[in-house]
Structures are given as structure tokens and as C-alpha cells.
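Residue-level structural notes
Now for the letters of each chain:
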Amino acid sequence: MTGGLAKVAPGRDEAFLPSPMIQNHEAFLSLAADGALICAWFGGTLEGKSDISIHGSVLLPGAASWGPAQVLSHDPLHSEQNPVIFAPPGGGLWLFHTSQPSGNQDECRIRMAPLSRDGLTLTAGEGRFLDLPRGCFVRAPLVVREDGAWLLPIFRCVQRSGQRWNGSHDTANVGVSHDRGATWVLEDVPASTGSVHMSPVALDRGRMAAFYRRRQSDFVHRSDSLDGGHTWAAPVATDVPNNNSSIATIRLRDGRIAMIGNPVNAAMSTDRRASLYDELDGADTRPDADPEGGCAPIWSVPRAPVAVCLSADGGKTFPVRLLVEDGPGTCTSNDSIDGRNKEMSYPWLIEAPDGTLHLAYTYHRRAIKHVRLAPGWETRLPEITA
């Protein structure tokens, strides 16, 4: 794939990011101060295998094509996933990502590495693992609290003695650093079992809201912080269905909340699979974790359509749902070779200063797709009515 942007409709350009990898998944977008767009994702043969590594590409301002894919991290013994790019106040650029042995998310560690860019070239330093318990995972970007603390949204894959991780006891947490990432403490979001991929958004008057993917494949959940991210309420359901797949949320320039995801849930489909990593070969004979005291995760609800959902009440309701792309969304297999996987998932979105909306998402586990929507995009996307 060349990475060239193609105009597919008025005000809409699309590109498949170049990558030599068989599988490409979990895109994250970051907008640089000079207007360059950075996309990071993981690539390899199959999620959970040790050849899965972090990759990145750059779209320069005004360019017609994305730059080449570059390996930003590679550990031959671990599956490296879920990249997050953070540009803190005061300068610098950091890459956070997960590192796990095989499908054991409860043994995951989070790596933090300096990231630099020279034109199209991205370079990640050696980095280090955060001083947090094993099982901590990331997906959403960091935010900076009013006291200068860095807040890292985390979901904790809790270890169960003698049992294999399956998502049944995952909880929401926040990593807090008061020394620009040198040391971290872990704080819990109360009553959050099953609520993962915490995506926080700043509201007015020191308030924040956070939105969550749900292991139970029911609805996106939401929790409030009335003190600027120092404490959080227990998550409660919104009106947006969720399929136990990733979402992302931002606050638009006009004050509305925009959420991107697949607004479908288990009640809308009978597709199921045993677990996220049931295709991995290995000698792990432990039984799956007992859901007693946790939740019963549901995997393989279709991951389509991709939609942008809009809220004018701080994310309490999302009555406007705009279609970006539709398809079967089949994800009963993670395989990127046999063609069974048709998911369009793990979407990300960024609003540029001029109102342009940039989207990126997994396309059939084969590629990362970038969609650029010109200002006024809201009037050009069809609304989902059912």
C-alpha cells in the first residue's frame, strides 16, 4: 500500500497506511505542533504473538501521502500493543505501549519511551517499564491535571491464581505521576469491573467525564469527576451500545463530545467466540478465569459500523450518530490471512484547529485506514436512524 490520500467524496479523503505487516491493528493519532499527523499502531502476524511490535508513520502538512511505516519498538519475547503518544506541557514527546507474554494480559507491563520526529522519521528511545503492577494496560491518551500531575488511563487485568486471563475481572484505574513520569501510583475507579479503555474528557468548571468500553458488551459506560480528575464516580450506562471493542472520545471546539466506535452490542448479534486469544498456539493448560465475583465477558460481537456519536449534554446522551463506514464487521477470528475477519474497529479521532476531523481505524485486521473529513463534515455524513 502506498499510503496516498484519495478523494472519495466531497470533503472526504481516505488512505490505507503503508505497512509490510500481515496484521495491523489499534491505531492512535497525534497532531504535532507543526500540523504533521502521527499514527502509531501494532503490526505483526497475530495479536498476542511475540512478533507484534509498535509501528508508526507520519503525514506531513499538505502532503498527499503518508510516510513509510517504521518500527518504534520490538521485543522478540513479548507482544507489544496499544501505543499511546503524549506531548506534555514543557516539551518532549513520549510513547507508551503495552508488553505482554503471549495472550497473558494479566502479566502485561507498560513501557514509556522518548519519541522524536525529524520530518517523516520517527525514533523511539530505549525507554523503561513503569513502576506499576503487572496487568496494567493502556489505550487512551494522558491528561494533565490542574496541579501538574500526569493522569494515565489504565485498565487492570487482574491476575487469578491458577487461571488464565479472559477479561472477567478487569477494572478501570488511573496511573498518577507527580514527577513527569519518573514514578507512578495506581488509583482505582470504584465499582468498575468490566469497564475498560477509560477515555477522559475535560468539561467546564473543573469537571471531567470518562467513557468506557465494556467487557459485558452492553453499553458504553460513563463516570464523572467533579474535582478535575482527583476522584471518580462509579461508571454508569450511557445510551450508546458497545460490543466489547474500543472507543475514543474528544471534546470538539464547539463544546460537544464526539465519540467514535461501533454502536452495536450483544443483544444485536449471536456471534460469539471463546476468548480474545483462542487462536494462539501454546501449552497453557490453565482453565479460563472463573467469572465469579467479576463479570462474564462477551467476545466477537461484530465490529461495524464505524460511527461518530455526538453529545450536547456533556456525554450523558448521544442522540446524533453519524455513519463513517459500514460492513459485516465479522470478528470471530483475529486471523489476517484467511479473509474471515471483516472488522472495522479500534477507531481514533482528532479535530484539527481548522475543524478538520481525522479518523483512523483497523480495516479487516490487514491495514490501518485514515479518513480525513473537511470542516462541515457533520452535514455530509449520513445519520444512523435505527
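Our structure's up above, just so we're on the same page.
Rules and cut-offs
Residues numbered from 1 in each chain as written. Predicted model: local features only at pLDDT ≥ 70, side-chain atom pairs only at ≥ 80, totals over all residues. Heavy atoms only, no water. Pairing = 2+ DSSP bridges. Helix = DSSP H or I, 4+ residues; strand = E, 2+ residues; numbered from the N terminus. Axes fitted to C-alpha atoms, helices over the stretch in contact; angles between N-to-C directions. Buried < 20%, exposed > 50% of the residue type's maximum accessible area, 1.4 Å probe, protein only. Core = buried A, V, L, I, M, F, W, Y, C linked by side-chain atoms within 4.5 Å. Contact = heavy atoms within 4.5 Å. Phe/Tyr/Trp six-rings, centres within 6.5 Å; stacked < 30°, edge-to-face > 60°. Lys NZ or Arg CZ within 6 Å of the ring centre and 35° of its normal.

Some thoughts on the sheet that holds strand 17 (residues 195-202)
If you walk across this open sheet you meet the four strands as 17-18-19-20, and the pairing is antiparallel. Each having just a single partner strand, strand 17 and strand 20 (236-241) make up the two edges of the open sheet. In this sheet, adjacent strand axes meet at a mean angle of 30 degrees when their direction is disregarded. Strand direction decides the pairing type here: strand 17 and strand 18 (residues 208-214), joined by six bridges, are antiparallel. Each bridged residue has a counterpart across the sheet, and for V196 the counterpart in strand 18 is R213.

Re the sheet that holds strand 21 (residues 248-251)
One open sheet accounts for four strands, arranged 21-22-23-24; its pairing is antiparallel. Two strands close off the open sheet at either side, each with one partner strand: strand 21 and strand 24 (320-325). Strand-to-strand twist across the sheet, computed as the mean angle between neighbouring axes with direction ignored, equals 20 degrees. Two strands pair when backbone bridges link them, and strand 23 (residues 306-311) and strand 24 are joined in this way by five bridges, in the antiparallel orientation.

Side note on unusual backbone geometry
Residue P305 follows A304 across a cis peptide bond; omega there is 0 degrees. The topology assignment puts P305 in the loop between strand 22 (257-261) and strand 23. Look at E26: it is not a glycine, yet its phi comes out positive at around 65 degrees. Looking at where E26 falls in the secondary structure, it is placed in strand 3 (residues 23-31). For N82, which is not glycine, the phi torsion reads 50 degrees and is therefore positive. Residue N82 is classed as buried on the basis of its relative accessible area, which comes to 1%.

Points about the nonpolar core
In terms of nonpolar packing, the biggest core is built from 63 residues, with F96, I110, L152 and W377 touching the most fellow members. With six residues, strand 4 (residues 37-44) is the single largest residue contributor to this core. Sequence-distant contacts of L152, defined by excluding residues within four places in its chain, comprise F96, I110, L130, V138, L142, N173, V174, G175 and W184.

Here we look at the packing of aromatic side chains
Evaluated as defined, the whole model comprises eight aromatic pairs. Summarising the aromatic geometry, the rings of F28 and W348 are spaced 4.7 Å apart at their centres and angled 35 degrees between planes, so their arrangement reads as tilted. Here the residue F28 occupies a position in strand 3, and W348 occupies one in strand 25 (residues 344-351), the gap between them amounting to 320 residues. Of the residues examined, F28 reaches a relative accessible area of 2% and is grouped as buried. Under the relative-accessibility criterion, W348 is labelled buried at 6%. Between the aromatic rings of F211 and F318, the centroid separation amounts to 5.9 Å while the plane-to-plane angle is 80 degrees, which identifies the pairing as edge-to-face. Placement of F211 in strand 18 and of F318 in the loop between strand 23 and strand 24 is noted, with a sequence separation of 107 residues between them. Accessibility classification places F211 together with F318 in one group, the buried group. Members of the aromatic cluster, joined through ring pairs, are W165, Y277 and W299. Sitting over the ring of F129, R109 keeps its end group 3.7 Å from the ring centre.

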